[in-house]
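Here is what each chain is made of, one letter per residue.
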Amino acid sequence: MDPMSSEPTPAQENACKTAGAMIAKDLKRPAIPPQYIVVMGVSGTGKTTVAVALADLMGWPFQEGDDLHPPSNVEKMRNGHPLNDEDRAPWLELCHDWLAKQVKAGHGAVLTCSSLKRRYREILAKGLPVEFVYLYTTPEVVEQRIKARTGHYMPPTLLPSQFATLEEPATDEPVIVVSGDATPSEILEMLLCYLELHPEGTKCKVEAHMSKSDHGRTAQN
Ligand SMILES: Nc1ncnc2c1ncn2[C@@H]1O[C@H](COP(=O)(O)OP(=O)(O)O)[C@@H](O)[C@H]1O
Ligand SMILES: O=C(O)[C@H](O)[C@@H](O)[C@H](O)[C@H](O)COP(=O)(O)O
């Protein structure tokens, strides 16, 4: 990675795709049990980047949660105003409904949704076998990434409100915690281990990873 930039280099992005393609080729299990994953975290942690890679690799449908915001929410954030519970309520319901459709279809799915509060996560997961992947990193790293990102409505000035609103998941929530500080391909590798999506017999490259029953513990990395 270019030490001067927080952006993954094109080579890095390719490595992520290559890793994904290689793992996909190795996935010998005909039917990987479907999982319903919500990648959560404050704006700029890298949710979309890793969620797209995971969905592509597993062949699961992907939904960018931002695309389900009503235009009024996007304009409010673009103009530097944080959303409140009332703004988010209809958006969270749309995200929940999308997940419910995927569960009904039975083919797995990946959604990005900041899911900043426990109450939001409860709305999203209501009656569904949803697992959250909490991508966390420092405000400094997130700020660098948001500033380097182009073509997105979210201003870096809203980061303090994102962190202030964030209620980190508790250990009784169905959440896997992953450091967003790694490269996209390293994060993908960690996710495949933590979600037990590696084909039978292949060794996870992550030294110590959690079994699914360890949900909610901080991931070793
Ligand atoms: N693991 C990573 N390391 C470095 N930069 C990253 C990483 N993941 C994402 N980025 C970059 O950071 C910015 C925010 O990533 P994005 O996936 O849009 O985050 P989010 O969906 O959480 O807002 C993008 O410019 C992206 O290229
Ligand atoms: O609940 C919120 O305040 C927003 O949903 C916020 O958390 C989200 O991050 C923005 O929509 C930007 O989208 P990105 O997370 O993709 O930057």
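Just so you know, these numbers come straight off a predicted model, no measurement behind them.

Quick notes on the rules
- Residues numbered from 1 in each chain as written.
- Chains lettered and ligands numbered in written order.
- Predicted model: local features only at pLDDT ≥ 70, side-chain atom pairs only at ≥ 80, totals over all residues.
- Heavy atoms only, no water.
- Near = heavy atom within 4 Å.
- Polar contact = N/O pair within 3.5 Å; in protein donor to acceptor, adjacent residues only side chain to side chain.
- Nonpolar A, V, L, I, M, F, W, Y, C, P; charged D, E, K, R; others polar.
- Buried < 20%, exposed > 50% of the residue type's maximum accessible area, 1.4 Å probe, protein only.
- Helix = DSSP H or I, 4+ residues; strand = E, 2+ residues; numbered from the N terminus.
- Contact = heavy atoms within 4.5 Å.
- pLDDT = per-residue confidence, 0-100.
- Pairing = 2+ DSSP bridges.
- Axes fitted to C-alpha atoms, helices over the stretch in contact; angles between N-to-C directions.

## Some words on the site of ligand 2
- Every one of the 15 residues lining ligand 2 counts as a neighbour, but Ser43, Lys47, Asp66, Arg88 and Tyr153 are closest to it.
- Taking serine 114, its side chain carries an N or O atom lying 2.8 Å from an oxygen atom of ligand 2.
- The class makeup of the residues in the shell around ligand 2 is 5 nonpolar, 6 polar and 4 charged.

## Remarks on helix H5 (residues 118–125)
- Among all positions in H5, only Tyr120, Arg121, Ile123, Leu124 and Ala125 are buried.
- Contacts from the buried residues of H5 go to strand S1 (36–40), helix H4 (85–105), strand S3 (109–112) and strand S4 (130–136).
- Positive backbone phi, approximately 70 degrees, marks glycine 127, located one or two places after H5.

## Description of the environment of histidine 152
- By the secondary structure assignment, histidine 152 is in the loop between helix H6 (139–148) and helix H7 (159–165).
- Distance from histidine 152 to leucine 111, taken between C-alpha atoms, is 18 Å for residues 41 residues apart in sequence.
- Side-chain polar atoms of histidine 152 contact the backbone nitrogen of methionine 154, separated by 3.0 Å.

## Quick word on the confidence of the model for the chain
- Overall, the predicted model of the chain reaches an average pLDDT of 86, with 77% of residues at or above 70.
- Per-residue pLDDT stays below 50 along residues 208–221; that stretch engages in 41 contacts with residues further than four places along the chain or on separate chains.

## Thoughts on the sheet that holds strand S5 (residues 175–179)
- Across the sheet, which stays open at both edges, the 5 strands sit in the order S2-S3-S1-S4-S5 with parallel pairing between neighbours. The sheet is open, and its two borders are formed by strand S2 (62–64) and S5, each paired with just one other strand. Each strand axis lies, on average, 20 degrees off the axis of its neighbour in the sheet, ignoring direction.
- Direction of pairing for S1 relative to S3: parallel, over a ladder of 4 bridges. Each residue of the ladder has a partner; that of valine 38, found in S3, is leucine 111.
- Relative to the sheet, H4 contacts S1, S2, S3 and S4, its axis offset from that of S3 by approximately 170 degrees.
- Of the strands in this sheet, S4 and S5 are in contact with helix H8 (residues 184–194), which crosses S5 at around 155 degrees.

## Description of unusual backbone geometry
- Positive phi is not limited to glycine here, since serine 115 has a value of about 50 degrees.
- Mapped onto the elements, serine 115 comes out in the loop between S3 and H5.
- Residue classification places serine 115 among the buried positions, given a relative accessible area of 0%.
- Not every positive phi belongs to a glycine, and glutamate 196 is a case in point at roughly 55 degrees.
- Mapped onto the elements, glutamate 196 comes out in the segment after H8.
- A residue is classified by how much of its surface remains accessible, and glutamate 196, at 36% relative accessible area, is partly exposed.

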